[in-house]
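# Residue-level structure breakdown
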Amino acid sequence: YPEAIAAANDVHECMLDAYCSAQRAAPGERRMFWCHDAFGVAGLTWDDAVRLLAENGFTDLLTNQAWGGVAYYESEVLSVTPEIRERGDQLAACLAACKKYGIACHVWKVNWNMSSRSPEAFRAKMESDSRTQVQRSGSPKQGWLCPSNPLNQQLEIDAMVEIAAKYDVAGIHFDYIRYPDRDSCFCAGCRKRFEDRLGKPVAGWPSDVLSEGALRQAWLDFRRDQITRVVAAVSEAARQARPGIAVSAAVFPNWPTDRDALGQDWKVWCDRGYLDFVCPMDYTPHTPKFEAMAKQQISWAGNVPCYPGIGLSVWPNGDAIISLIDQIEVTRRLKTGGFSIFNYGPAEAAAILPRCGLGITRIQRHSSP
């Protein structure tokens, strides 16, 4: 019995290899991977990790190098993680490998969300200075900077523009460029800034801005404008700092709903030319649903390239490579011109990339006559 199971597993792996080898690559498309770990793929150097991407036909890497209050590179704007004293400037190392192997390096910045990665002293100062979010209930929203606070807006702008100015990267990439939910932020600063915008006090706070309140639409517009202001400012300043840089964003998939729930008005960002491409996070293992979402998103993006985000690493266990191939084929049927995959980690380096390289992203080699 154990021998039969082992043999069956071997046959299964051979069949997967055969299936992957039978796939055809599409020339000229953009093939991107998000890498969530600022230090790259565990067990690999940046050189090894980027070389694997290049050898298997990928074109771009979106590397997570900054959060709401911490950087993994030499920054004068954000707190620099102490780890780089031992392990070095991670953005510099990643960028060097990308240039060596011809991969476009985009720096992925998590906006507003400080998380536990930010120094405790920084988080404490943000709270004491009333720069963090408050929920509708009045309780604090731990770890999140208030998007309407002008100091927080400038921090996000300065951090992203600094990257563009100091590092010869192909692009900068927004993430978490939104509110966390409908219930944040209702801090005293938000109230005052909203009242200043209206030119009158809000007598019933927060009831007047909630779902049945008379000021609901004005409140939603206010929230959207706080996020859009940062996107617009970064887009303009980064392009001035480094002409030709690509400005992009990872966004939630349902624009009409999310613009109200999260203040993420990404269709407007595309319409106004703030973005050079957009990556909706379509993290479903169900290919028909993925296709339906991507088709709608292409229309919202308009003239801006829309590279659907494939949620490989958040899918249930199974033959993920099959679903990945299916969803890549969807992007080709829809003529998106590319796709992005989450997330580049050890499992993807060991099992997914090599099988993509067998067929679906195989490098086209021309034989001599």
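Shown above is the structure to which this text applies.
Here goes a summary of the coordinates provided. No experiment lies behind these values; they were computed from the predicted model shown.

Moving on, we get to the overall build of the chain. Helix and strand content of the chain: 13 helices and twelve strands. Relative to the 2.2 N^0.38 estimate, which gives 21 Å for 369 residues, the radius of gyration of the chain is 22 Å and therefore close to what a compact globule would have. Summarising its shape, the C-alpha atoms of the chain cover approximately 75 × 50 × 45 Å along the three principal directions. Buried positions account for 54% of the 369 residues belonging to the chain. Within the chain, residue pairs in contact and separated by at least 24 positions form 77% of the contacts whose partners lie at least 6 positions apart. As displayed, the chain offers around 16,000 Å² of accessible surface, 52% of which is attributable to carbon and sulfur atoms.

Moving on, we come to the pattern of salt bridges. Per the stated rule, a full pass over the model turns up 24 salt bridges. The shortest N-O distance in the salt bridge between K192 and D196 comes to 2.9 Å. Of the two residues, K192 and D196 are both situated in helix 7 (residues 188–198); the distance of four residues between them amounts to about one turn of the helix. Its relative accessible area of 51% is what places D196 among the exposed residues. In this structure, R259 engages D265 in a salt bridge whose closest nitrogen and oxygen atoms are separated by 3.0 Å. Here the residues in one salt-bridge network are E29, R31, E329 and R332, joined through shared partners.

With respect to the helices, strands and loops of the structure, Q264 is situated in the loop between helix 9 (255–261) and helix 10 (266–271). Reaching out from Q264, the side chain makes a polar contact with the backbone nitrogen of F252 at a distance of 2.8 Å. With near-sequence residues (within four places) excluded, Q264 lies in contact with I177, R178, A250, V251, F252, W255, D258, R259 and W269.

Note on aromatic pairs: each is described by the distance of the centres and the angle between the planes. Under the counting rule described, the total for this entry stands at 19 aromatic pairs. An angle of 90° between the planes, with centres 6.4 Å apart, marks the rings of F58 and F339 as edge-to-face. Remark: F339 occurs in strand 12 (residues 338–342) and F58 occurs in the loop between helix 2 (46–55) and strand 2 (60–66); sequence separation between them is 281 residues. Residue classification places F58 among the buried residues on the basis of a relative accessible area of 4%. Its relative accessible area of 0% is what places F339 among the buried residues. Ring geometry for Y73 against Y167: centres 5.8 Å apart, planes inclined by 80°, an arrangement best described as edge-to-face. Of this pair, Y73 sits in the loop between strand 3 (70–71) and strand 4 (79–80) while Y167 sits in the loop between helix 6 (150–166) and strand 8 (171–175), and the two are 94 residues apart along the sequence.

Turning to the nonpolar core, a few remarks are in order. Where a protein is soluble and globular, its nonpolar side chains tend to be buried together. One finds L61, F174, W266, W269, L275, L324 and Y344 to be the most contacted residues of the largest nonpolar core, which totals 98 residues. It is helix 8 (residues 216–241) that provides the largest number of residues to this core, a total of eight residues. With residues near it in sequence (within four places) discarded, W266 still touches V251, F252, P253, W255, V278, P280, Q297, W300 and A301. Counting 17 residues, the second-largest nonpolar core is a separate cluster that includes W67, Y72, M281 and Y307.

With that settled, the discussion passes to empty space enclosed by the protein. Per the counting criterion, the structure on display carries one cavity of 30 Å³ or more. Approximately 30 Å³ is the volume attributed to the largest cavity. Those elements giving two or more residues to the lining of the largest cavity turn out to be helix 8 and helix 9. Here the element with the most residues in the lining of the largest cavity is helix 8; it accounts for four residues. For the lining of the largest cavity, the class distribution of residues is three nonpolar, no polar and four charged.

Bringing the environment of R31 into the picture now. By the secondary structure assignment, R31 is in strand 1 (residues 30–35). R31 gets classed as buried once you look at its relative accessible area, which sits at 7%. For the pair R31 and Q327, spaced 296 residues apart in sequence, the C-alpha to C-alpha distance is 13 Å. Apart from the residues lying within four places of it in its own chain, the contact partners of R31 are A25, A26, G57, F58, T59, D60, R332, F339, I360, T361 and R362.

Moving on, we come to unusual backbone geometry. Geometrically, the link from W205 to P206 is a cis peptide bond, its omega value of 5° lying close to zero. Residue placement: P206 occurs in the loop between helix 7 and helix 8. Omega for the peptide link from F342 to N343 comes to 10°, which places this bond in the cis form. If you trace the backbone, N343 turns up in the loop between strand 12 and helix 13 (346–358). Of note in this structure, W112 is not a glycine but carries a positive phi near 70°. The residue W112 is located in the loop between strand 5 (104–110) and helix 5 (120–128) in this model. Of note in this structure, S130 is not a glycine but carries a positive phi near 60°. Tracing the backbone through its elements, the reader meets S130 in the loop between helix 5 and strand 6 (132–134).

What counts, and at which threshold
Residues numbered from 1 in each chain as written. Predicted model: local features only at pLDDT ≥ 70, side-chain atom pairs only at ≥ 80, totals over all residues. Heavy atoms only, no water. Helix = DSSP H or I, 4+ residues; strand = E, 2+ residues; numbered from the N terminus. Rg over C-alpha atoms; globule rule 2.2 N^0.38 Å. Buried < 20%, exposed > 50% of the residue type's maximum accessible area, 1.4 Å probe, protein only. Contact = heavy atoms within 4.5 Å. Areas by Shrake-Rupley, 256 points an atom, 1.4 Å probe, with all protein chains shown as cover. Salt bridge = Lys/Arg side-chain N within 4 Å of Asp/Glu carboxyl O. Polar contact = N/O pair within 3.5 Å; in protein donor to acceptor, adjacent residues only side chain to side chain. Phe/Tyr/Trp six-rings, centres within 6.5 Å; stacked < 30°, edge-to-face > 60°. Core = buried A, V, L, I, M, F, W, Y, C linked by side-chain atoms within 4.5 Å. 1 Å grid on protein atoms, 1.4 Å probe; cavity = no way out; pocket = protein on both sides within 12 Å on 5 of 7 lines; lining within 4 Å. Points joined across faces, edges and corners; volume = space filled by probe spheres on them. Nonpolar A, V, L, I, M, F, W, Y, C, P; charged D, E, K, R; others polar.

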